[in-house]
Amino acid sequence: MEELLEKNNIDLNSISLENKSEEKITNMGKIKISGAEAVIRCLLAEGVDLVYGYPGGAIMPVYDELYKFQDQLHHVLVRHEQGATHAAQGYARATGKVGVAIATSGPGATNLVTGIADAQIDSTPMVCITGQVGKHLLGSDAFQETDIIGISTPVTKWNYQVTEASEIPEIIAKAFYIARSGRPGPVLIDITKNAQFDEFEFSYEKCTSIRSYHPVPKLNLDKVAEAAALINSAKKPFIVFGQGVILSQAEAELKALIEKSGVPAAWTILGLSALPTDHSLNVGMLGMHGNYGPNLLTNECDVLIALGMRFDDRVTGNLNTYAKQAKVIHFEIDPAEVDKNVKTEVAVLGDLKEALTALLPLIEKNSHESWHNEFKIKDKIEFDSVIKEELNPTNGKGISMGETMEMINKHSKGDAIIVSDVGQHQMFACRYAKFNQTKSNVTSGGLGTMGFALPAAIGAKMGRPDREVVAIIGDGGFQMTIQELGTIFQTKVPVKIVILNNEFLGMVRQWQELFFDNRYASTNMINPNFVAIAEGYYIKAKKVTKREDLDAAVAEMMASKDSYFLEVMVEKENNVFPMIPTGASVSDIRLS
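Residues numbered from 1 in each chain as written. Predicted model: local features only at pLDDT ≥ 70, side-chain atom pairs only at ≥ 80, totals over all residues. Heavy atoms only, no water.

### Quick notes on the sheet that holds strand 21 (residues 564-569)
So, point 1. Strand order in the open sheet formed by six strands is 17-16-18-19-21-20, and the pairing between neighbours is parallel. Both edges of this open sheet fall to strand 17 (441-443) and strand 20 (540-544), since each of them pairs with a single strand only. For this sheet, the mean inter-axis angle between neighbouring strands, taken without regard to orientation, is 15°.
So, point 2. Where strand 20 lies against strand 21, five bridges are found, and the strand directions are parallel. Of the residues in strand 21, the one forming a bridge with Val544 is Val568.
So, point 3. On top of the sheet, helix 24 (residues 550-559) reaches strand 18 (469-474), strand 19 (496-501), strand 20 and strand 21; it is set at about 160° to strand 21, its chief contact. (Pairing = 2+ DSSP bridges. Helix = DSSP H or I, 4+ residues; strand = E, 2+ residues; numbered from the N terminus. Axes fitted to C-alpha atoms, helices over the stretch in contact; angles between N-to-C directions. Contact = heavy atoms within 4.5 Å.)

### What about the pairing of strand 14 (residues 327-332)?
So, point 1. Taking burial as the measure, the six residues of strand 14 include five buried ones, the bulk of the element.
So, point 2. For strand 13 (residues 303-307) and strand 14, the ladder comprises five bridges, and the chain directions are parallel. Across the sheet, Ile305 pairs through a bridge with Ile329, a residue of strand 14.
So, point 3. In the sheet, strand 14 pairs with strand 15 (residues 346-349) via four bridges, with the strands oriented parallel. (Buried < 20%, exposed > 50% of the residue type's maximum accessible area, 1.4 Å probe, protein only.)

### Comments concerning the confidence of the model for the protein chain
So, point 1. Looking at the protein chain as a whole, its pLDDT mean stands at 95, while 95% of the residues score no less than 70.
So, point 2. Low pLDDT, under 50, characterises residues 1-22; the predicted model gives this stretch 37 contacts beyond four residues in sequence or across chains. (pLDDT = per-residue confidence, 0-100.)

### Digging into the sheet that holds strand 7 (residues 158-162)
So, point 1. Spatially, six strands are ordered 4-3-5-6-8-7 in an open sheet, and the strand pairing comes out parallel. Edge strands, defined here as strands with exactly one partner in the open sheet, are strand 4 (74-77) and strand 7. If you compare each strand with its neighbour and ignore which way they point, the axes differ by 20° on average.
So, point 2. Here strand 3 (residues 50-53) runs beside strand 4; their pairing, made up of four bridges, is parallel. Residue pairing in the sheet places Val51 in a bridge with His75 of strand 4.

### Some thoughts on the packing of aromatic side chains
So, point 1. Here the structure, examined in full by the defined rule, presents 12 aromatic pairs.
So, point 2. Geometrically, the ring pair formed by Phe200 and Phe202 is edge-to-face, given 6.3 Å between the ring centres and 75° between the ring planes. Taken individually, Phe200 and Phe202 each receive the classification buried, so the pair is uniform in this respect.
So, point 3. Three or more aromatic residues joined by ring pairs form one cluster here, namely Phe238, Trp371 and Phe375.
So, point 4. A cation over a ring is seen here: Arg509 above Phe504, with NZ or CZ 5.7 Å from the ring centre. (Phe/Tyr/Trp six-rings, centres within 6.5 Å; stacked < 30°, edge-to-face > 60°. Lys NZ or Arg CZ within 6 Å of the ring centre and 35° of its normal.)

### Overview of the packing of helix 2 (residues 35-45) against helix 8 (residues 168-180)
So, point 1. Contact geometry for helix 2 and helix 8: axes closest at 9 Å, N-to-C directions at 35°. Helix 8 is crossed by helix 2, and the crossing has right-handed handedness. For the pair helix 2 and helix 8, the contacting residues are Gly35, Ala38, Val39, Cys42 and Leu43 in the first and Ile168, Pro169, Ile172 and Phe176 in the second.
So, point 2. When grouped by side-chain class, the residues that make up the contact of helix 2 with helix 8 number eight nonpolar, one polar and no charged. (Left-handed = near helix turned anticlockwise from the far one by under 90°. Nonpolar A, V, L, I, M, F, W, Y, C, P; charged D, E, K, R; others polar.)

### Things to note about the state of the cysteines
So, point 1. All chains considered together, the criterion is met by zero disulfides.
So, point 2. Distance from the sulfur of Cys207, which forms no disulfide, to the nearest cysteine sulfur (Cys42) is 12 Å.
So, point 3. Using a relative accessible area of 18% as the deciding quantity, one classes Cys207 as buried. (Disulfide = S-S within 2.5 Å.)

Below, the structure written as structure tokens:
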């Protein structure tokens, strides 16, 4: 067994650059190779060293070449193709690089779609490569033929079906350029089997531009000046920032802006970690389960400055009552997002880092102390009404999700990458986790994909082996991708897995309690022995049922050099507050 583990263990620090392929040189001095080999050479040319996937008949030629190039390009065998896309997402989100996933045709390709849709709405750069039946069989309903181009069109930034081997270099070059440029997103390339087998004269050139595709709008300095004038004259300015800060690597510029202007700043869940959580001007989380002050005071600010965020409905609540008193400045790279949900006074289109660099010299030094005091008053109300009890439950209550996160903070010291699934535990993780570094919060935002966290944590840890990665998962979402424990076992990737088990589909149950008269329809979970399952995959596991055991268990998990599985039995019917009911105004935020 040890030999098997050693054979399959991935050491990202020992990649050989030796070429294992037999090259055929043509009279023109070019290499003549198969389309399948061209796929691998293209990936290597783009700097890819790690891919996730699952083999099958229509993609087998590519896998044969992967075998030959295994010293240069590591392949991670997941247990389900959806796991490949989520792992690629986790890798991309933790590193800023393009994640890569590979699958066969038919069900292999369709199993990628959930992860692709997740990447599309969360602007995650990813390239997916699928095999397809031979060109002569297209449209004949051949075995495992599926129109993955038609299926994936609504959820990809771009897709393309390759039917000739000679197309492969140009299309893969375009795919990586499109995936990573401008507002990032997923790209899918479908390659017929004949194109994988056929040979052609290979050469590769990276793509740097595409006619009619302009991923970064030209910055209008007049608009930057207009924005600066509004910010300087504001009495109650408020910054709301999203993942655009992280994607444009504008964290330093954001910090400089708020420190010079004195403007309080709040984040969307995908913007979390762009600014250290303990920064004095970081006033917390926006949205349905965000902090009391940022939500309530959105409707009291006079200038609202949106940085790299898209005014999602979970942030705005009822648009008819959202920030109607404020002049809105929107810094955004994607023109389609401007005025889509919230009408703006000034729209600054372009790369956020470039835009903030131009803005900073125009901003006047300020402190806005009285405005900050309003946030502090609201913080005190939320602490007394919600946070104090969540972090220190009384009256014989069981372990809470919030206190579990606080214990993880104690032992991670805010330096871990937290990968959360979807549900109550996700909101508790986002509300209570502490972050000192950017690219530290990895979660499914726009699509809300249960099952995301376990494979995403694998990708995050492989992308950042130097950092601790902790997956926070509910008992429901865990069972959607539980099979990826096998990937952890085979690769020995040392992720830490925390299951917050309330034996419910907790978020749905909360809604049923608050809005459906406690009718808990199909939300009670009868769960298996999770510890036994983890141990079946040779992962060290522990279950905590008593508060007095929590500290030591978390300490042991964080100290482990190997993967570790920790199940924490939490209060069954604990709710996450504050909460803005669906369709309500941000002013209607509830503390209970």
